[in-house]
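Per-entry structural report
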Amino acid sequence: EPEVTQTPSHQVTQMGQEVILRCVPISNHLYFYWYRQILGQKVEFLVSFYNNEISEKSEIFDDQFSVERPDGSNFTLKIRSTKLEDSAMYFCASSEDFWDTEAFFGQGTRLTVV
Amino acid sequence: DQQVKQNSPSLSVQEGRISILNCDYTNSMFDYFLWYKKYPAEGPTFLISISSIKDKNEDGRFTVFLNKSAKHLSLHIVPSQPGDSAVYFCAAHGSHGSSNTGKLIFGQGTTLQVKP
């Protein structure tokens, strides 16, 4: 069964460092997303991406965040200068369409900022 | 911003009985709802969905009911099995119409424990 894969599964970084979280969405999907879940809190939307551009972003997704689809398979989330409060599980998701359809999630990357 | 709320943080049921998980929403423009199941250290797994034009959708042991007037949906699991023990998230498509981007707004989750 096709699945969304994320690497690495766990990333530890120093505050102020840049991190890149990687995702390989399901191959025939056209819509891509990043969500995060801070420990004990709800899953929060960060950004949606379609046709090589951001289609919607949340208030959390400030100038420190960026997304890119550098080739036909990868979808990345970059955090330019990490803060302690960026520590969370980050989930990548993809969907065939945006209309009345489910998104499939990866297993997540646990980001720990120290 | 609590547009999707799951007011019960946890639920415990006996194996073989019915599990009922509840979800409320505040935005009447939401038109598509989903339930996801999540195990620790894994991503959410899609379970079942319902469009606002329906009031019920069934898939095996899982049934989702939607009451639009009350802005309430529920997930019924019958019969419950120990393997169903997980965190269940209700989600709604948070954008719609011409601005629909597929964004999901999640509830806080309900931890279901099914006892053998």
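As the structure is a computational prediction, the values presented were derived from the model and not from experiment.

Conventions and cut-offs
Residues numbered from 1 in each chain as written. Chains lettered and ligands numbered in written order. Predicted model: local features only at pLDDT ≥ 70, side-chain atom pairs only at ≥ 80, totals over all residues. Heavy atoms only, no water. Phe/Tyr/Trp six-rings, centres within 6.5 Å; stacked < 30°, edge-to-face > 60°. Buried < 20%, exposed > 50% of the residue type's maximum accessible area, 1.4 Å probe, protein only. Disulfide = S-S within 2.5 Å. Helix = DSSP H or I, 4+ residues; strand = E, 2+ residues; numbered from the N terminus. Polar contact = N/O pair within 3.5 Å; in protein donor to acceptor, adjacent residues only side chain to side chain. Contact = heavy atoms within 4.5 Å. Buried area = accessible area lost by both parts, 1.4 Å probe. Salt bridge = Lys/Arg side-chain N within 4 Å of Asp/Glu carboxyl O. Nonpolar A, V, L, I, M, F, W, Y, C, P; charged D, E, K, R; others polar.

Turning our eyes to something else, we now look at the packing of aromatic side chains. Inspection of the entire model under this criterion finds 17 aromatic pairs over all chains. Between Tyr33 of chain A and Tyr35 of chain A the ring centres are 6.4 Å apart and the planes differ by 45 degrees, which places this aromatic pair in the tilted class. The buried category is assigned to Tyr33 of chain A, whose relative accessible area is 1%. For Tyr35 of chain A, a relative accessible area of 0% corresponds to the buried category. Linked through ring pairs, Tyr33, Tyr35, Phe45, Phe91 and Phe105 of chain A together with Tyr36, Phe46, Phe89 and Phe106 of chain B together constitute an aromatic cluster.

With that settled, the discussion passes to the state of the cysteines. Residue and element names in this part refer to chain B. For the structure shown, the criterion picks out 2 disulfides over all chains. A sulfur-sulfur distance of 2.0 Å marks the disulfide that ties Cys23 to Cys90. Measuring the twist about the S-S bond at about -65 degrees, one finds the Cys23-Cys90 disulfide to be left-handed. Note that Cys23 is positioned in strand β3 (residues 19-25) and Cys90 in strand β9 (residues 86-93), a separation of 67 residues in sequence. By the burial criterion, Cys23 is buried, and Cys90 matches it.

So, about the side chain of Lys42 of chain A. With respect to the secondary-structure elements, Lys42 of chain A resides in the loop between β4 (31-37) and β5 (43-50). A distance of 3.2 Å separates a polar atom in the side chain of Lys42 of chain A from the backbone oxygen of Phe106 of chain B.

The interface of chain A with chain B comprises 19 residues on the first partner and 26 residues on the second. Summed over both partners, the interface of chain A with chain B comes to about 1,900 Å²; 58% of that surface belongs to carbon and sulfur atoms. Joining chain A to chain B, the criterion identifies 1 salt bridge. Note that Glu56 of chain A is salt-bridged to Lys103 of chain B, the shortest N-O span being 3.4 Å. At the boundary of chain A and chain B, one finds 5 residue pairs in polar contact (both at pLDDT 80 or more). Listing elements by their share of the side of chain A that touches chain B, those giving two or more residues are β4, β5 and β6 (53-57) of chain A. Partitioned by chemical class, the residues of the side of chain A that touches chain B number 9 nonpolar, 6 polar and 4 charged.

This part is about the side chain of Ser80 of chain B. Residue and element names in this part refer to chain B. Mapped onto the fold, Ser80 is located in the loop between β8 (72-77) and β9. Among the polar contacts made by the side chain of Ser80, one reaches the main-chain carbonyl oxygen of Arg17 at a distance of 2.8 Å. In this structure the side chain of Ser80 is engaged in a polar contact, spanning 3.4 Å, whose partner is the backbone oxygen of Ile77.

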